[in-house]
Number of protein chains: 2
Amino acid sequence: MRTTELESYLAARRQMVQAALEESLPAEDSYPPAIHRAMRYSLFAGGKRLRPILVLAAGEAVGSPVEPLLPAACAVELIHTYSLIHDDLPAMDNDDYRRGRLTCHKVFGEAIALLAGDALLTRAFAVLSQDQPGLNPARTLQAIAELAAAAGSQGLIGGQVVDMEAEGKPATLEVVNYIHAHKTGSLIRACLRLGGILGGGNEEQLAVLTRYGEALGLAFQITDDILDVVGDFQSMGKKGGVDAARGKATYPACLGLEVARRLARELCLEAQGLVRNLGSAADPLFHLAGYVLNRQG
Amino acid sequence: MRTTELESYLAARRQMVQAALEESLPAEDSYPPAIHRAMRYSLFAGGKRLRPILVLAAGEAVGSPVEPLLPAACAVELIHTYSLIHDDLPAMDNDDYRRGRLTCHKVFGEAIALLAGDALLTRAFAVLSQDQPGLNPARTLQAIAELAAAAGSQGLIGGQVVDMEAEGKPATLEVVNYIHAHKTGSLIRACLRLGGILGGGNEEQLAVLTRYGEALGLAFQITDDILDVVGDFQSMGKKGGVDAARGKATYPACLGLEVARRLARELCLEAQGLVRNLGSAADPLFHLAGYVLNRQG
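Treat the numbers as computed from the prediction; the structure is a model and nothing was measured. (Residues numbered from 1 in each chain as written. Chains lettered and ligands numbered in written order. Predicted model: local features only at pLDDT ≥ 70, side-chain atom pairs only at ≥ 80, totals over all residues.)

## Focus: the overall build of chain A
Okay, step 1: Counting secondary structure elements, chain A contains 16 helices and two strands.
Okay, step 2: Its C-alpha radius of gyration of 18 Å places chain A within 12% of the 19 Å reference for a compact globule of 297 residues.
Okay, step 3: Burial status across chain A gives 56% buried among its 297 residues.
Okay, step 4: Considering only contacts within chain A whose residues lie at least 6 apart along the sequence, 72% involve residues at least 24 apart. (Helix = DSSP H or I, 4+ residues; strand = E, 2+ residues; numbered from the N terminus. Rg over C-alpha atoms; globule rule 2.2 N^0.38 Å. Buried ≥ 20, exposed ≤ 12 C-beta atoms within 10 Å, placed from the backbone. Contact = placed C-beta atoms within 7 Å.)

## Thoughts on the nonpolar core
Okay, step 1: By size, the foremost hydrophobic cluster in this structure holds 199 residues, and its most contacted members are A:Ala116, A:Ala219, B:Ala116 and B:Ala219.
Okay, step 2: Excluding anything up to four places from it in sequence, B:Ala116 contacts B:Ile35, B:Ala38, B:Met39, B:Ser42, B:Ile85, B:Cys104 and B:Phe108. (Core = buried A, V, L, I, M, F, W, Y, C linked by C-beta atoms within 7 Å.)

## A closer look at helix α3 (residues 50–61) of chain A
All names here are of chain A.
Okay, step 1: Between its terminal C-alpha atoms α3 stretches 16 Å, which fits the 16 Å expected from twelve residues at 1.5 Å a residue.
Okay, step 2: Among the twelve residues in α3, twelve count as buried, and that is most of the element.
Okay, step 3: Those residues of α3 not exposed but buried are Leu50, Arg51, Pro52, Ile53, Leu54, Val55, Leu56, Ala57, Ala58, Gly59, Glu60 and Ala61.
Okay, step 4: On its buried face, α3 is in contact with α1 (3–24), α4 (70–88), α10 (185–198), α11 (203–230), α15 (257–276) and α16 (283–294).
Okay, step 5: At the C-terminal side of α3, glycine 63 shows a positive phi close to 90°. (Expected span 1.5 Å × (residues − 1).)

## Quick word on the environment of A:Leu102
All names here are of chain A.
Okay, step 1: Mapped onto the elements, leucine 102 comes out in strand β2 (residues 101–102).
Okay, step 2: The spacing of leucine 102 and alanine 289 is 187 residues in sequence and 30 Å in space, taken between C-alpha atoms.
Okay, step 3: Ignoring any residue separated from it by four or fewer positions in sequence, one finds leucine 102 in contact with Asp96, Tyr97 and Val107.

## A look at the interface of chain A and chain B
Okay, step 1: Taken together, the contact pairs 43 residues of chain A with 43 residues of chain B.
Okay, step 2: Going through the elements one at a time, α2 (33–43), α6 (110–128), α7 (137–151) and α8 (156–166) of chain A are the ones with two or more residues in the side of chain A that touches chain B.
Okay, step 3: Among the elements that make up the side of chain A that touches chain B, the one with the highest residue count is α6(A) (eleven residues).

## Examining the packing of helix α2 (residues 33–43) of chain B against helix α6 (residues 110–128) of chain B
All names here are of chain B.
Okay, step 1: The N-to-C vectors of α2 and α6 enclose an angle of 75°; their axes lie 9 Å apart at closest approach. The angle between the axes of α2 and α6 places the two elements in the roughly perpendicular class. For the pair formed by α2 and α6, the contact residues are Ala34, Ile35, Ala38, Met39, Ser42 and Leu43 on the first element and Ile112, Ala113, Leu115, Ala116, Ala119 and Leu120 on the second.
Okay, step 2: Here the residues of the contact of α2 with α6 are counted per class, giving eleven nonpolar, one polar and no charged. (Axes fitted to C-alpha atoms, helices over the stretch in contact; angles between N-to-C directions. Parallel < 35°, antiparallel > 145°, perpendicular 65-115°, else oblique. Nonpolar A, V, L, I, M, F, W, Y, C, P; charged D, E, K, R; others polar.)

## Thoughts on the packing of α7(A) against α10(A)
All names here are of chain A.
Okay, step 1: Relative orientation of the contacting elements α7 and α10 amounts to 175°, with a least axis distance of 9 Å. The angle between the axes of α7 and α10 places the two elements in the roughly antiparallel class. Within the contact between the two elements, α7 uses Arg139, Thr140, Gln142, Ala143, Glu146, Leu147, Ala150 and Ala151 and α10 uses Ser186, Leu187, Arg189, Ala190, Arg193, Leu194, Ile197 and Leu198.
Okay, step 2: Among the residues making up the contact of α7 with α10, the classes are represented as nine nonpolar, three polar and four charged.

## A closer look at unusual backbone geometry
Okay, step 1: In the segment running from A:Tyr31 into A:Pro32, the intervening peptide bond is cis, with an omega of -5°.
Okay, step 2: The backbone of B:Asn94 shows a phi angle near 50°, a positive value even though the residue is not glycine.
Okay, step 3: Position of B:Asn94 among the secondary structure elements: in the loop between α4 (70–88) and β1 (97–98).
Okay, step 4: Its 11 C-beta neighbours within 10 Å are what place B:Asn94 among the exposed residues.
Okay, step 5: The residue B:Arg99 is not glycine, and still its phi comes out positive at about 50°.
Okay, step 6: Its location among the elements puts B:Arg99 in the loop between β1 and β2 (101–102).
Okay, step 7: C-beta crowding within 10 Å serves as the criterion here: with 15 such atoms nearby, B:Arg99 is assigned to the partly exposed category.

## What about the confidence of the model for chain A?
Okay, step 1: Of the residues in chain A, 97% reach a pLDDT of 70 or more, and the chain-wide mean stands at 93.
Okay, step 2: Interface confidence for the predicted complex, given as ipTM, is 0.96, next to a pTM of 0.96. (pLDDT = per-residue confidence, 0-100.)

## Quick look at the environment of A:Asp163
Okay, step 1: In this structure, A:Asp163 sits in helix α8.
Okay, step 2: With residues up to four places along the chain from it excluded, the contact list for A:Asp163 reads A:Ile179, A:Lys183 and A:Ala249.

## Examining the relation of the copies chain A and chain B
Okay, step 1: With an RMSD of 0.0 Å, chain A superimposes on chain B once it is rotated by 180° and translated 0.0 Å along the axis. The transformation relating the two chain copies, once decomposed into turn and shift, fits a two-fold axis. Closest to the rotation axis within chain A is the C-alpha of A:Pro137, separated from it by 2.8 Å.
Okay, step 2: Looking at chain A, 100% of its interface residues are interface residues in chain B too, so the copies touch through the same face. (Least-squares fit on C-alpha atoms with pLDDT ≥ 70 in both.)

Right, here's the structure in full:
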């Protein structure tokens, strides 16, 4: 698989995810329309769909067709979107822009944004628990349990809490590691595991996917921190230097830019080495690690 | 079953629920402690545990032992608690007190209260999807799907949205019906259905439980509205007359106090007539309908 092949793989998967996400929410004018408009506004705000594509690529790496993986792919994106809406609220980061567009509460007001986040989170579990002919109910239950754990108070939400508490304090590597392993890492790790579990992977394959997810998740967050320092509004869709201005705990703040860059590179190489063991079905995962490392926004 | 028997049934079930809820959350000092303290503060704030007891009573009515119903009982209470925390936030009802205690955000701040709500909602699905030896995975999946639908944008959250939108406007019966059928009704209906589904009930039993849940949920909300008009701080744990002061859409505002009282009574009688069909195993449900009608807080 060459770079152009990865690009067409990503484009094809993104299209499938987009279509499945369209189906995953009530129509915009379903009663009460205010909430469905807000949910759709944020879900279709131009995200790259990296997380759902990771679910699909992980399932494909263990030999699954794509179709039965789509509900789980939607579920992780719904959870990711809810976490962004709540993160942007005045009580949290108080952000006016996300991906170059006004944030949900700037458009729909705080109350509807709060409820839209709640509804997207709830919907994730509705979508994942829907009756799926090709899937084993016990595996689906396991996937739900893993997703709920990854998104919960000892996963994504735990990461948010420690991130908030760390603001404005000197960043220790231990704290930065916790924040990133939880706030970003736990959901990305869950993408890989959900794909592996629902795709019918064995224990060994699941262990490889899990470690790949951990390495990729950390590399993703480090490049995110680096882009916040060196990126521009054009490619990021938000202002750069925001983390530093807020005194956020980040890798560049903690290790310096050069060491952070090297660490991201090493993690991606590790991830690539790991999925080599899964054979050519894991080619997309192999190349995705390079894509994450070299992304510009 | 006499009144005293119902009381001892409720006390026994409440104790089981309380113990299961204790186990359903990470310990208070689990990292990060701020979130776990806030989650426990609101979950153990003296709720009557009506919803989880309805799950148990519905399962018992179709012949199930109590034990396998406990995760679902916890899940509905976790969702109920999250909805109260978010409902009390400044962006929503901006309430300082709930059940006579300071609300979550008054004690822990808005950001932690928001995240504690998110975490309780997420935890509901973690608890419900946990591996349960006595349960059929396909039925558990169905229960998860039903709970997610009941709590979502066309259930509980939809009811919140319409409730907000209706504030300060003349209350039509149609709007009040929608609000109550969704904001309160859909979760209570789900309690009955979850108990019936996980308890192994057949289609006919499930239909009876569903209609019982709809009638009881509406009666519950009407008595809640009435108590807001005639109750006092002592028994309600919050100020009376709040709904009227806010211009909330309620049954007494819409129908007058006497008609609202009569409607609540008729609904409870209907609920009681329905569960007579399920035999003596449904005695607790029968008497619970009377309890809801006559409650003082």
